Amino acid sequence: MQLKNNNQSVLQKIAPFIGLILIIVIITILNPGFLSVSNLMNVLRQVSINALIAFGMTFVILTGGIDLSVGATLALTGAVSAGMMASGMDPIFAMLLGLLLGAVLGAINGIIIAKGKVAPFIATLATMTIYRGLTLVYTDGRPISGLGDSLTFQMLGKGYFFGIPIPVVTMMVSFGILYFILKKTTFGRRVYAVGGNEEASILSGINSDRIKIYVYSLLGLLAALSALILTSRLNSAQPTAGEMFELDAIAAVVLGGTSLTGGRGWIVGTLIGALIIGVLNNGLNLIGVPSFFQQVVKGAVILLAVLLDRKKTT
Amino acid sequence: MIKMTDISKSFSGNKVLKNVDFTLEKGEIHALMGENGAGKSTLMKVMSGIYTRDSGIIEVKGQKVDFTSPKQAEEAGIAVIHQELNILPHLSIADNLFLGREETIGRTGILKTKQMEKKTHQILLDLGLDVDPSDPASTLSVGKQQIVEIAKAISVNAEVIIMDEPTAALTDREIDNLFKTIRELQKRGVSFIYISHRMEEIFSLCDRITILRDGEFVGERKISETSFDEIVQMMVGRELGDRFPQRKSTIGEIKLAVKGLNRKGCFEDISFELRKGEVLSIAGLMGAGRTEVVQSLFGYKKLDSGSIEFDGKQVKIDTPKKAKEMGIGYVTEDRKSEGLIVDFSVEENVSMTNLAAISKNGLISKDKERKLYDTMVKRLGIRTSGPHQAAKSLSGGNQQKVVIAKWLGIEPELLILDEPTRGVDVGAKKEIYSIINELAERGVAILMISSELPEVIGMADRVLVMHEGKITADLSKNEMTQERIMHFATGGEKLAVEEQ
Ligand SMILES: Nc1ncnc2c1ncn2[C@@H]1O[C@H](COP(=O)(O)OP(=O)(O)OP(=O)(O)O)[C@@H](O)[C@H]1O
Ligand SMILES: [Mg+2]
């Protein structure tokens, strides 16, 4: 938001970028294969789902909120869309229905938080359980497959556009739109305002409840979009899909330098944060770190990055 | 006691202090004055180790010092009460007072809560505040929180106490008690640096005065050898003229009429009328319910009952958004928590209330936003290093102007101002008065809450006095005197205008 404010904040903003480069350099030294085009595409594709959710999470966190229910939202919307398709509904219609459901589930979070004045952490902890439970009820605990061969649906997760995986294209297009919204629109400005000082925002005539409901809806919509990509890639909807996705998304946002107290941060940082996580996931595999130990390294890197960031700000 | 020589300090290339000299003698009360943004607070922060200076020498009791944290300054006997309050609202009053130097049983870390509470009670009583020290600090009014801050500084047995606008939120009685305590401590050899924009206070309390202008040392005087006018002259660098500018407005038809407004526990049976071009002031002690009344008018707090007529039409104002759309502006009392988004730039703060006007189809126009900023900065004489300066790094007075700027942008028909000149320097005060006058002359109805009686009398066409949630008097221009307003503010009998 205030890139031009002073030198310190510029430094703060490029810190995640430097971190990303550093990790890439280290991994490449240990295994030059990392930099191959096919592997990089692979990384980007793996990143795209987390990034989409993290973009939405950025909006939510900028308003001073948090959403733990996104993983469950992903599972439920994926399952419902898949269920519709499996039962023979027009795939396009089923997908739109899934997106709409995502927005509605998000809006429910937003309404509970804004109108019910429940702390976002608690509200979404509860809806996380509810949405996950509904998924299990709907799927009866079993994966849904047999989704037909609609080209649009298949392309969404598996297709290429001029050699670039469609999920990556979707991620970049969404990034562009969301970046624009945050930077140039009154809605974006209000998101920052509500997170920066809700009382002052209300007293300036801003309807903060509405802004909150919108950001949770947006996140729900993006979670549903991720669900469709994931379902398409796996050719089935898993009732356990999206478990822990909320944590990866929050980690990406925080790695990108957005403040958990709201009002400060930017979506470019989130993209970089998501890339850091994706590069780590892929790189640790490539350099042969045992999978159990990977988690330890990943956690440590996140911690280190955030600590370094804090050092710079003070 | 303290000698600062040749102090310079800049923030990202912006020179805020330029070779400033400052000397504090033992046992004196030394005033520091200057316009908003002159560098007073910055100088004090440099002295107490919050900011590192770019150059210059600081000596305490003849010894060169280099504080790198406020803690070190405190250990050297220098306590600072900052312009911004540092109260932790959820901790008890006693916890706040003893924060960081709690009394414990030996080294166990077990708190001697009872003992600390007893001491707190005594210290606060000396300052004329009788409260239960185990209550959370958030139950205190801003003014009383300020007193807790003062008590904190006093209780560390500091040799030097720096007070940065301590009285901005205090009532007259609280100020009296504070001054008594200061004089008491002075007799015990404590020295004070006292920053304030209130001339009367400086003259009744201080021994010497140092004046800064635009980050430069202008001069030092003995209070007994200087005058009001000389100080103003030194501060602003020119003659200022009348304190309250003339207004030539014609009072028109009724803009706002409220009848029987009630809000449980806050105020009851509030009725008044406000006309176009009129400046109506609400006077009263802190806590009389004035802010709650205007917040209810603005749709921020709910009304239990009562009716509001705007332009002769019955209206219901249930959100600030609606109030804004009707053309009502509200310059809030507490600029930090209600007026500004401190992390936002000045430009973004000004835009806050005007997003619709500077955008098309939801897209913000950079040009329009900059134009609005430029207009407002010029119109109000706001001192910034540029549109991108963060609001939090502005001086207090300039922050206040930014809050006013927010609302001038909407071209309000009714402007509510809650303590509009708190913490604002003499020159800027006059500018704000001129703006109010200019608005009134254009037919804007003005509702102004103020605790400064000279300001009420100098500016208002009519004054409502409130006491404990009720209107106790409605005085016209020629009925207003300080004594009269104080009489009703402290609960004198209702002097109904219709009876006269
Ligand atoms: N942290 C900061 N970063 C950038 N500029 C700053 C910072 N702190 C203060 N300034 C600038 O330094 C100047 C002096 O500010 P300071 O707060 O010392 O003024 P002041 O004399 O205390 O004014 P007031 O009477 O309004 O409190 C102002 O122009 C302000 O914008
Ligand atoms: Mg100051």
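Preceding block: the structure.
In this numbering scheme, every chain counts its residues from 1 along its sequence in written order. Going through the entries in the order they are written, you letter the chains from A and number the ligands from 1. Residue-level local features of this predicted model are given only where pLDDT is at least 70; pairs of side-chain atoms are given and counted only at 80 or more, and the full residue set underlies all totals for whole chains, interfaces and linings. Side-chain metrics in this entry use all non-hydrogen atoms of the structure; hydrogen atoms and water are not considered.

A look at the interface of chain B and chain A
Note: interface size is frequently given as the accessible area lost on complex formation between the parts. Selection criterion: Two residues form a contact once any of their heavy atoms are found within 4.5 Å. As a working definition, buried area equals the accessible area (1.4 Å probe) given up by two parts on being put together, with both sides summed. When a carboxyl oxygen of Asp or Glu lies within 4 Å of a side-chain nitrogen of Lys or Arg, that pair is called a salt bridge.
Listed as interface residues are 32 residues of chain B and, on the opposing side, 25 residues of chain A. For the pairing of chain B and chain A, the buried interface totals around 2,500 Å² over both sides, and the portion due to carbon and sulfur atoms is 57%. A per-residue breakdown of the area chain B buries against chain A is headed by Tyr300(B), Asp343(B) and His388(B), which together make up 20% of the total. Here chain B and chain A share two salt bridges between them. Between Asp343(B) and Arg264(A) there is a salt bridge, with the nearest N and O atoms lying 3.2 Å from each other.

Side note on the sheet that holds strand S14 (residues 305–310) of chain B
All names here are of chain B. Definition in use: When DSSP locates at least two bridges between a pair of strands, those strands are taken to pair. Helical segments are the DSSP runs of H or I of at least four residues, strand segments are the runs of E of at least two, and each set is numbered from the N terminus. An axis is simply a line fitted to the C-alpha atoms; with a helix, the fit covers only the stretch in contact. Between two such axes, the angle follows the N-to-C directions and lies from 0 to 180 degrees.
Taken together, the four strands give an open sheet; going across it, the order is S12-S11-S14-S15, and neighbouring strands pair in antiparallel fashion. Each having just a single partner strand, strand S12 (267–275) and strand S15 (313–315) make up the two edges of the open sheet. Between one strand axis and the next, the sheet turns by 20 degrees as a mean value, whatever way the strands run. Pairing geometry for strand S11 (residues 254–263) and S12, over six bridges, is antiparallel. Considered in S12, the bridge of Ala257 is made with Glu273. Strands S11, S12 and S14 of the sheet are contacted by helix H9 (residues 290–297), whose axis makes an angle of about 65 degrees with S12.

Some points on the packing of aromatic side chains
Let me state the cut-off plainly: Two rings from Phe, Tyr or Trp (for Trp, the six-membered ring) form a pair when their centres sit within 6.5 Å of each other. Planes less than 30 degrees apart are called stacked, planes more than 60 degrees apart edge-to-face, and all others tilted. Relative accessibility decides the category of a residue: with a 1.4 Å probe and only protein chains considered, values under 20% of the type maximum give buried, values over 50% give exposed, and everything between is partly exposed.
The full count for this structure, using the stated rule, is 11 aromatic pairs over all chains. Pairing Phe55(A) with Phe175(A) gives two aromatic rings, centres 5.6 Å apart and planes at 50 degrees, and the pair type is tilted. With Phe55(A) in helix H2 (residues 37–62) and Phe175(A) in helix H7 (residues 166–184), this residue pair connects regions lying 120 residues apart in the sequence. Phe175(A) gets classed as buried once you look at its relative accessible area, which sits at 13%. When the ring of Phe298(B) is compared with that of Trp407(B), the centres are 5.7 Å apart and the planes differ by 85 degrees; the resulting orientation is edge-to-face. Separated by 109 residues along the polypeptide, Phe298(B) in the loop between H9 and S14 and Trp407(B) in helix H14 (residues 396–408) bring together distant segments of the chain.

Observations concerning the nonpolar core
Short version of the rule: Here, nonpolar core means buried Ala, Val, Leu, Ile, Met, Phe, Trp, Tyr and Cys residues that are tied together by side-chain atoms lying within 4.5 Å of each other.
By size, the foremost hydrophobic cluster in this structure holds 151 residues, and its most contacted members are Phe55(A), Phe272(B) and Ile446(B). Setting aside its immediate chain neighbours within four residues, Phe272(B) contacts Leu256(B), Ala257(B), Val258(B), Leu280(B), Leu297(B), Leu447(B), Leu464(B) and Ile471(B).

A word on the site of ligand 1
Residues and elements named next belong to chain B. Short version of the rule: A single heavy atom is enough: if one lies within 4 Å of a molecule or strand, its residue is considered near that molecule or strand. The term polar contact refers here to a pair of N or O atoms within 3.5 Å; inside protein, the definition further demands a hydrogen-donor-capable atom paired with an acceptor-capable atom, and it admits residues adjacent in sequence only when both atoms are side-chain atoms. A 1.4 Å probe and the Shrake-Rupley method give the accessible areas. Residues count as covered only by the protein chains that appear here.
Around ligand 1 lies a shell of 20 residues, among which Asn36, Lys40, Ser41, Thr42 and His197 are the nearest. At 3.4 Å, a side-chain N or O of Tyr51 approaches a nitrogen atom of ligand 1. Burial of ligand 1 by the protein chains amounts to 86% of its free accessible area of 640 Å². Only helix H1 (40–47) and H14 provide two or more residues apiece to the shell around ligand 1. Per element, the largest residue contribution to the shell around ligand 1 is three residues, and it comes from H1.

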